[in-house]
Amino acid sequence: MKQCVQIHRPPQRGDFGRKCIGAARGGLLALVCMFAALPSGFTIAAEYHVGPHDRLRIKVSEWRPTTRELFEWSTLSGEFTVSPAGMLSLPVIGAFSVETMTMADIAATISDRLKVAAGLVSAPATAVEMAQYRPIYVVGAVERPGEYAYRPAMTALHAVSIAGGYQRAEMALGRFERETIVAEGEIRVQQSQLVSLLLRRDRLQAEARQADDIRFASEIERYSGDGAADAMREERALFTSRRKAIVSRIELLRESRRMLDEELKTLGAKEITQKRQQDLIQRELDNINSLIRRGLTVNPRQLAVEQNLAQSESQALDLILATARTKQEISRLEASILEVSNEREIDIARELRETQLSLKQTVDRINSLRALIYESSAVAPALQTEQERALARMRFSILRQDGEAVQEIQIEESSTIQPGDVVKIERAGLRSIAARPPTSASPGIQN
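Residues numbered from 1 in each chain as written. Predicted model: local features only at pLDDT ≥ 70, side-chain atom pairs only at ≥ 80, totals over all residues. Heavy atoms only, no water.

(A) Up close: the overall build of the chain. The secondary structure content of the chain amounts to eight helices and 12 strands. Residue burial in the chain is summarised as follows: out of 447 residues, 36% are buried. Of the contacts made within the chain by residues no fewer than 6 positions apart, 68% connect residues no fewer than 24 positions apart. (Helix = DSSP H or I, 4+ residues; strand = E, 2+ residues; numbered from the N terminus. Buried < 20%, exposed > 50% of the residue type's maximum accessible area, 1.4 Å probe, protein only. Contact = heavy atoms within 4.5 Å.)

The structure is reproduced here in structure tokens:
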């Protein structure tokens, strides 16, 4: 899928003028004006804002005048997936948030960050295109509700067509029963995923608190039949091993610090001994100088003692230098201990955020399936008599994520939809046949 190609290249002076002159000479001025008059809807693809689970195709190249060759940054070229947290992680330049950015913004950011990271004189050219959009979900009165790949300029009617079209008028109670069985099976799969995410969230929260054990949430008891007990044991084992690993790493650094402290004490004792020896040599030298002045001894004895004094002073300087190096190593170990703790906190915070996002998506998916089951079971008896009359009257709406909230928007069958939308197709009069299903109890998602 090749859509929305964006190439970031620093503008060259005179480009626009040369293009206009070339267009006029070729008789293409009218064609340029026609494209300029296209409706704003024509540029929707270029203004698409990237979101989690989108897959981007990136190519970075640089023209090198010295060799007159086009150099391609192969490590930055390829397909990359946006994480659930909205982050794009690339070699050389690292990870950065791309949520709500257009592909032109992403291309410009990559070029600018690479220019800084590689120390380039000018920013390289970056091309970003969409390799695969995040999927859409189609539910309601269609033959095959579920998850489908998104294509640019897709409308609600396109979504109905890829989902098998509208439900057939000859649909009977057996069809609803089959759909209910399929949805219940999917709910069991999603509930297993939900248990795994809840346990992982509790483990990460315990690691963030630096607790000695994990306090699992009470709502997990409702899923005792989904392998929760085994998953708890696995999470506790992982919690213990990760805790031991970080404690062992810090303890190793602290043990090195203790050894350096002992070495520092030894060097201090040596300095005292060296100072005492130096005082004795100085005293002996003073006595010799006194004897020489009285003519009671000769100069060779004085020279030997002065040599001993110079050697002692040199050893004292070596001890001072060794003490300074030991103190510097102690400071480095203290910084390493702090760095290890900070890195672990950052990793836990990142993993916890990703887990929270996945947990919310799983809960939303389960609630959507439960709503589908409720509608199937509640509507089936009355729909047997109403389906012919309601066949020609369909109601379209989409559920769209808007920050932390989900909006339901009424649309027409020709309305365009966006990646990640949940498209609902209902027969007119369906709400009068069955009451709105009760809100499903969702497990608490804590930040």
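(B) Up close: the sheet that holds strand β12 (residues 422-427). What the five strands build is an open sheet, ordered β9-β8-β12-β10-β11; its pairing is mixed. The open sheet has two free edges, formed respectively by β9 (146-148) and β11 (405-411), since each of these has just one partner strand. Averaged over all neighbouring strand pairs, the angle between strand axes comes to 25°, with direction disregarded. As defined by bridge partners, strand β8 (residues 136-140) adjoins β9 across three bridges and the pair is classed as antiparallel. Bridging across to β9, valine 138 finds its partner in glycine 146. (Pairing = 2+ DSSP bridges. Axes fitted to C-alpha atoms, helices over the stretch in contact; angles between N-to-C directions.)

(C) Region of the structure containing the confidence of the model for the chain. When pLDDT is averaged across the chain, the result is 77; 77% of the residues are at 70 or more. Of the regions scoring below 50 in pLDDT, residues 10-46 engages in 11 contacts with residues more than four places distant in sequence or in other chains. Confidence drops under a pLDDT of 50 for residues 430-435, and excluding neighbours within four residues, the segment shows 11 contacts in the predicted structure. (pLDDT = per-residue confidence, 0-100.)

(D) Examining helix α3 (residues 103-118) more closely. Counted at 1.5 Å a residue, the expected span for α3 with its 16 residues is 22 Å, and the 22 Å between its end C-alpha atoms agrees. Among all positions of α3, only Met103, Ile106, Ala107, Ala108, Ile110, Ser111 and Leu114 are buried. Directly beyond the C-terminal end of α3, a positive phi value near 65° is found at glycine 119. (Expected span 1.5 Å × (residues − 1).)

(E) Geometry of the pattern of salt bridges. A full pass over the atoms with the stated rule returns 25 salt bridges. Residue arginine 344 pairs with glutamate 207 through a salt bridge whose shortest N-O separation is 2.8 Å. On the criterion of sequence distance, the pair formed by arginine 344 in helix α7 (residues 299-390) and glutamate 207 in helix α5 (residues 173-209) is long-range, its members being 137 residues apart. Accessibility expressed as a relative area gives 10% for glutamate 207, which makes it buried. Arginine 257 serves as the salt-bridge partner of aspartate 261, at 3.1 Å between the closest nitrogen and oxygen. Here the residue aspartate 261 and the residue arginine 257 both occupy positions in helix α6 (residues 228-293), the gap between them amounting to four residues, near one helical turn. Here the residues in one salt-bridge network are Arg203, Glu207, Glu235, Arg242, Arg344 and Glu351, joined through shared partners. (Salt bridge = Lys/Arg side-chain N within 4 Å of Asp/Glu carboxyl O.)

(F) View of α6. Relative to the 98 Å expected for 66 residues at 1.5 Å per residue, α6 spans 96 Å between its end C-alpha atoms, a close match to the ideal helical length. Once α6 ends, the next one or two residues include glycine 295, with phi positive near 75°.

(G) Region of the structure containing the packing of aromatic side chains. Scanning the model with the defined rule gives four aromatic pairs in all. Ring centres of tyrosine 48 and tyrosine 133 lie 5.0 Å apart, and the angle between their planes is 80°; this geometry places the pair in the edge-to-face category. With tyrosine 48 in the loop between α2 (29-36) and β2 (55-64) and tyrosine 133 in the loop between β7 (125-132) and β8, the pair connects residues that are 85 residues apart, well separated along the chain. Each member of the pair tyrosine 48 and tyrosine 133 is classed as buried. By the ring-pair criterion, three or more aromatic residues cluster together here, those being Tyr48, Tyr133 and Tyr150. The ring of phenylalanine 71 has arginine 64 lying over it, and the distance from NZ or CZ to the ring centre is 3.9 Å. (Phe/Tyr/Trp six-rings, centres within 6.5 Å; stacked < 30°, edge-to-face > 60°. Lys NZ or Arg CZ within 6 Å of the ring centre and 35° of its normal.)

(H) Structural detail: the pairing of strand β10 (residues 394-402). Both β10 and β12 contribute to a ladder of six bridges, which runs antiparallel. Each residue of the ladder has a partner; that of arginine 395, found in β12, is glutamate 426. Hairpin connection between β10 and β11: a loop of two residues separates the two successive antiparallel strands, and glycine 403 in this loop has a positive phi of roughly 70°.

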